[in-house]
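Working through the structure, step by step
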Amino acid sequence: ILAFNSLSQKLDSSEKARTKLVSYLTHEIGRPLGGLSSAVDSLQMGAVQDEKLTEDLTNGMRNEIKRLQLLVGDISLLREKTDPINLYVMKKVPLTPWLMEIKDYWSDFADGKEVVLQSDIAPDLPSINMDENRLFQAVGNLISNGIKYSKKGETVLFRAQVVENEIQIAVIDEGSGISPEDQEHIFESFYRVSEKKRFVQGMGLGLTISLDVVQAHHGTITVESEPGKGSTFTIHLPNPT
């Protein structure tokens, strides 16, 4: 009987998680698709004749596509987390140019939100063994959050440096901040903060995925935040040198 009850509880929990996942997927996919549809309609109705408007629309479309790519990456990594044949493909990658590529990748997204994305990446960071795609997703989730929850004109700083025996990759924003109570839960799947000032977008999966990926690279993520004073998310990785 105990075994049956345990199985029933697991199935019930799994079904609730599935239902919640489908609900969030429907919501999250709908918004960027709606934006893409509106942009295509505008171009077909003559906006293509206006060079500036066309540029604005195509930049917006590019940003919506990035949101969909981020979502697909989150779902893929969440699925693979429970896959027994899940493997990380590790290879040695020079960190400095790799991080600069990430910064360049997210620059258009920041421009579209009228947020300033700055970088302070040390020029002599070491090479580390990593799964490029997965760690790119982990870092990208932090940058995406910093941009999405910043107001127009605010700055997001993307910083990377070696501090003693570890590599620190930080995303620092000037947003609304996160309360101490919410900081205890933000790495949980589907969690939304109570004040509804941050993480009002997205599925609540990004930080969970980022933490899982970073832990697979023998690191961790910390957060420093105070309501009204912004947030700093820092990835801590071991320094191989």
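The element strand β5 (residues 166-172) is extensively covered by neighbouring structure, given that five of its seven residues are classed as buried. One ladder, built from seven bridges, connects strand β4 (residues 155-163) with β5; its direction is antiparallel. Directly across from Arg 159, in β5, lies its bridge partner Ala 170. Connecting the antiparallel pair β4 and β5 is a turn made up of two residues, with Glu 164 showing a positive phi of about 55°. Here seven bridges tie β5 to strand β7 (residues 231-238), and the two strands are oriented antiparallel to one another. Bridging across to β7, Ala 170 finds its partner in Thr 234.

Within the fold, Tyr 88 resides in the loop between α2 (51-81) and β1 (91-94). On the basis of relative accessibility, which here comes to 27%, the residue Tyr 88 falls in the partly exposed class. When the C-alpha positions of Tyr 88 and Glu 132 are compared, they lie 9.4 Å apart, and in sequence the two are 44 residues distant. Setting aside chain neighbours within four positions, we find Tyr 88 in contact with Asp 131, Arg 134, Asp 212, Val 213, Ala 216 and His 217.

Enumeration over the complete set of coordinates arrives at three aromatic pairs. Between Tyr 105 and Trp 106 the ring centres are 5.4 Å apart and the planes differ by 75°, which places this aromatic pair in the edge-to-face class. Overall, Trp 106 belongs to the buried group, its relative accessible area being 3%. Between Tyr 105 and Phe 136, the ring centres sit 5.2 Å apart and the planes meet at 85°, which makes this aromatic pair edge-to-face. Within this pair, whereas Tyr 105 is found in helix α3 (residues 95-112), its partner Phe 136 is found in helix α4 (residues 132-148), the two being separated by 31 residues in sequence. A relative accessible area of 27% places Tyr 105 in the partly exposed class. With a relative accessible area of 24%, Phe 136 lands in the partly exposed category.

Rules and cut-offs
- Residues numbered from 1 in each chain as written.
- Predicted model: local features only at pLDDT ≥ 70, side-chain atom pairs only at ≥ 80, totals over all residues.
- Heavy atoms only, no water.
- Buried < 20%, exposed > 50% of the residue type's maximum accessible area, 1.4 Å probe, protein only.
- Helix = DSSP H or I, 4+ residues; strand = E, 2+ residues; numbered from the N terminus.
- Pairing = 2+ DSSP bridges.
- Contact = heavy atoms within 4.5 Å.
- Phe/Tyr/Trp six-rings, centres within 6.5 Å; stacked < 30°, edge-to-face > 60°.

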